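Per-entry structural report
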Amino acid sequence: RGLLLHRCFELLEPGRDGSELLARVFPGVLDERQMATVIEAQREFQAWLEKRFVPVSLRREMPILGLDDRGSVVSGVIDLLVETAEGYWVLDYKSDQVDDLDLRFAHYRPQLECYAALLCKACPDKPVLGFSIYWITKGKTSFLKLKL
């Protein structure tokens, strides 16, 4: 379920009807109602994203590799890297079905902090402003703005 939703948000492009694409990529997996729900959720997310960040660029499913502060190799994928005129935001999609989003955000915070730290090392010319989780099944977002 989570992987399916991640792939949908990765593949759907703003301003395009994605039902044909989803039917081709996931044949027989999503019915028309489910496809419409996912497409609408992605549209709402995209509208929110444009309004909240005014992105200069968006990079979906961006691999990241580096050493953490203890010298351990960290390999991951940033679901969505948002570049603004001021800096970067690391966004992650989660499909957890929980009621306490603050508690769950705290659970994922170390992962996002690690991605932010690696990004700071890889792109020292522009600051990482913060990170966020978009809770796909809730249509809500949790943020943490980093202190520069």
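A brief look at the structure comes next. (Residues numbered from 1 in each chain as written. Predicted model: local features only at pLDDT ≥ 70, side-chain atom pairs only at ≥ 80, totals over all residues. Heavy atoms only, no water.)

In space, the five strands of this open sheet follow the order β1-β2-β3-β4-β5, with mixed pairing throughout. Looking at strand neighbours, the two that pair on one side only are β1 (57–67) and β5 (140–145), the edges of this open sheet. Shown here is a sheet whose adjacent strand axes are inclined to one another by a mean of 35°, direction ignored. Sheet topology places β1 next to strand β2 (residues 73–83); 10 bridges connect them, and they run antiparallel. When the bridges of β2 are listed, G66 appears paired with V74. Each of β1, β2, β3 (88–94) and β4 (128–135) is contacted by helix α1 (residues 2–11), which is oriented at about 125° to β1, the strand it contacts most. (Pairing = 2+ DSSP bridges. Helix = DSSP H or I, 4+ residues; strand = E, 2+ residues; numbered from the N terminus. Axes fitted to C-alpha atoms, helices over the stretch in contact; angles between N-to-C directions. Contact = heavy atoms within 4.5 Å.)

Looking now at the pattern of salt bridges. Taken as a whole, this structure holds 10 salt bridges when the rule is applied. The shortest N-O distance in the salt bridge between D68 and R70 comes to 3.3 Å. Across the salt bridge formed by K94 and D92, the nearest N and O atoms sit 2.9 Å from each other. The exposure class of K94 is buried, given its relative accessible area of 12%. (Salt bridge = Lys/Arg side-chain N within 4 Å of Asp/Glu carboxyl O. Buried < 20%, exposed > 50% of the residue type's maximum accessible area, 1.4 Å probe, protein only.)

Right, let's talk about the pairing of β3 for a bit. Summarising burial for β3: seven of the seven residues are buried, a large majority. Of the two faces of β3, the one holding Y88, V90, D92 and K94 and the one holding W89, L91 and Y93 are both buried throughout. Between β2 and β3, which follow one another and run antiparallel, lie four residues. Taken together, the seven bridges between β3 and β4 define a ladder with parallel strand orientation. Across the sheet, W89 pairs through a bridge with G130, a residue of β4. On the question of chirality, the crossover connecting β3 to the parallel β4 by way of helix α4 (residues 101–122) is right-handed. (Right-handed = clockwise from strand over helix to strand, strands pointing away.)

These figures capture arrangement, not role.
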